[in-house]
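Architecture and fold: a report
Given next are the chains, with one letter for each unit.
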Amino acid sequence: RKEVEQDPGPFNVPEGATVAFNCTYSNSASQSFFWYRQDCRKEPKLLMSVYSSGNEDGRFTAQLNRASQYISLLIRDSKLSDSATYLCVVPDSGGGADGLTFGKGTHLIIQP
Amino acid sequence: NAGVMQNPRHLVRRRGQEARLRCSPMKGHSHVYWYRQLPEEGLKFMVYLQKENIIDESGMPKERFSAEFPKEGPSILRIQQVVRGDSAAYFCASSPRRTDQETQYFGPGTRLLVL
């Protein structure tokens, strides 16, 4: 299975600040990418899909750089409730593999 | 429309016992995936099933682990003769189609503790 690499953090960020994470992937055949959010002892929940050149949803922006094989997540005006682990996810593709490959996650702590 | 359901939410077993984890996918979803998350680790794909078929089990340990998704009823992940290293959170996910452009929806997980 292909690899997905993330900086584990933790990122300690004051409330209201902007924070960005990167994620690199090795499967150049991947066509779609996702950011999931996982709260402590909870299941992962889809935050954003990144299908082409990028995606914006409110305070969250995801960018894809195919040439360098990385995706990024930008959070503006961060809230205390944004504290969580953010998982970069790349579907396996080719060869019939169908699982999702998860990065280990980036831990974000928003401080008041 | 209920989400993905898993039970039990917590399971305690002694070494050598069997663990059975159940997963009911979202209504209308016929594709089920099992993942394992060890403490302080990322989620690792284990197996992908459709009704009555195992499609991809490349992430399953070669021994003691098996999975099924019968025509009727939930998907079952079975771990025989559990060892302490099996202690982890086991998440099930479902999707309406094969995952290529489609995301997966996760259940709340079963936390297995082996004493």
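Parameters at a glance
Residues numbered from 1 in each chain as written. Chains lettered and ligands numbered in written order. Predicted model: local features only at pLDDT ≥ 70, side-chain atom pairs only at ≥ 80, totals over all residues. Heavy atoms only, no water. Helix = DSSP H or I, 4+ residues; strand = E, 2+ residues; numbered from the N terminus. Rg over C-alpha atoms; globule rule 2.2 N^0.38 Å. Buried < 20%, exposed > 50% of the residue type's maximum accessible area, 1.4 Å probe, protein only. Contact = heavy atoms within 4.5 Å. Areas by Shrake-Rupley, 256 points an atom, 1.4 Å probe, with all protein chains shown as cover. Lys, Arg positive; Asp, Glu negative; His and termini not counted. Charge placed at Lys NZ, Arg CZ, Asp CG, Glu CD. Salt bridge = Lys/Arg side-chain N within 4 Å of Asp/Glu carboxyl O. Pairing = 2+ DSSP bridges. Axes fitted to C-alpha atoms, helices over the stretch in contact; angles between N-to-C directions. Buried area = accessible area lost by both parts, 1.4 Å probe. Patch = residues over 30% accessible without salt bridge, like charges linked within 9 Å, V, L, I, M, F, W, Y side chains within 5 Å.

**Regarding the overall build of chain A**
- Tallying secondary structure elements over chain A gives zero helices and eleven strands in all.
- The helix and strand sequence of chain A, counted from the amino end, reads β-β-β-β-β-β-β-β-β-β-β.
- Taken against the 2.2 N^0.38 rule, which gives 13 Å for 112 residues, the C-alpha radius of gyration of chain A at 14 Å falls within 12% of a compact globule.
- The burial tally for chain A puts 45% of its 112 residues in the buried class.
- Taking contacts inside chain A between residues at least 6 apart in sequence as the whole, the part at least 24 apart equals 58%.
- Carbon and sulfur atoms make up 49% of the accessible area of chain A, which amounts to about 5,200 Å² in all.
- Counting 11 positive and 12 negative side-chain charges, chain A places the centres of these two groups 3 Å from one another.

**Structural notes on the overall build of chain B**
- When helices and strands are counted, chain B shows zero helices and eleven strands.
- Listing each helix as α and each strand as β along chain B from the N terminus yields β-β-β-β-β-β-β-β-β-β-β.
- For chain B, the C-alpha radius of gyration of 13 Å lies close to 13 Å, the compact-globule estimate for 115 residues.
- Every one of the 115 residues in chain B was classed for burial, and the buried ones make up 47%.
- A fraction of 53% describes how many contacts in chain B between residues 6 or more apart in sequence connect residues 24 or more apart.
- In chain B, which carries 18 positive and 12 negative side-chain charges, the distance between the mean positions of the two groups comes to 7 Å.

**Re the pattern of salt bridges**
- One pass over the structure, following the stated rule, counts eight salt bridges over all chains.
- Residue Arg76(A) pairs with Glu56(A) through a salt bridge whose shortest N-O separation is 3.4 Å. With Arg76(A) in the loop between β8 (70-75) and β9 (84-91) and Glu56(A) in strand β6 (residues 54-57), this residue pair connects regions lying 20 residues apart in the sequence.
- The partner of Arg78(B) in a salt bridge is Glu18(B), with the nearest N and O atoms 2.8 Å apart. Separated by 60 residues along the polypeptide, Arg78(B) in strand β8 (residues 75-79) and Glu18(B) in the loop between β2 (10-13) and β3 (19-24) bring together distant segments of the chain.

**Section: the sheet that holds β8(A)**
All names here are of chain A.
- Pairing in this open sheet of five strands is antiparallel, and the strands run β1-β3-β8-β7-β6 from one edge to the other. Bordering the open sheet on either side are β1 (4-6) and β6, each of which pairs with just one other strand. The sheet shows a mean angle of 15 degrees between the axes of neighbouring strands, taken without regard to direction.
- Bridge count between strand β3 (residues 19-25) and β8: six bridges; the pairing is antiparallel. When the bridges of β8 are listed, Phe-21 appears paired with Leu-73.

**Here's the deal with the environment of Leu38(B)**
Residues and elements named next belong to chain B.
- Checked against the element boundaries, Leu-38 lands in the loop between β4 (31-37) and β5 (43-50).
- Residues Leu-38 and Ala-89, 51 residues apart in the sequence, show an inter-C-alpha distance of 6.5 Å.
- Aside from chain neighbours lying at most four places away, what touches Leu-38 is Gly-85, Ser-87 and Ala-88.

**Some thoughts on the interface of chain B and chain A**
- Contacts between chain B and chain A engage 24 residues on the former and 22 residues on the latter.
- Here chain B packs against chain A, burying approximately 1,900 Å² in sum over the two surfaces, 48% of which is carbon and sulfur.
- Counting across the interface, chain B meets chain A through one salt bridge.
- Between Lys104(A) and Glu41(B) there is a salt bridge; the shortest N-O distance is 3.4 Å.

**Looking at a nonpolar patch on the surface**
- A contiguous nonpolar surface patch, about 240 Å² in accessible area, is contributed by Val12(B), Leu113(B) and Leu115(B).
- Mapped onto the elements of the fold, Val12(B) is located in strand β2.

**Thoughts on the sheet that holds β8(B)**
Residues and elements named next belong to chain B.
- Overall, antiparallel pairing links the four strands, which are arranged β1-β3-β8-β7 in an open sheet. Strands with a single pairing partner mark the edges of an open sheet, and in this sheet they are β1 (5-7) and β7 (65-68). This sheet shows a mean twist of 15 degrees between the axes of neighbouring strands, independent of strand direction.
- Where β1 meets β3, three bridges bridge the pair, whose relative direction is antiparallel. When the bridges of β3 are listed, Met-5 appears paired with Ser-24.

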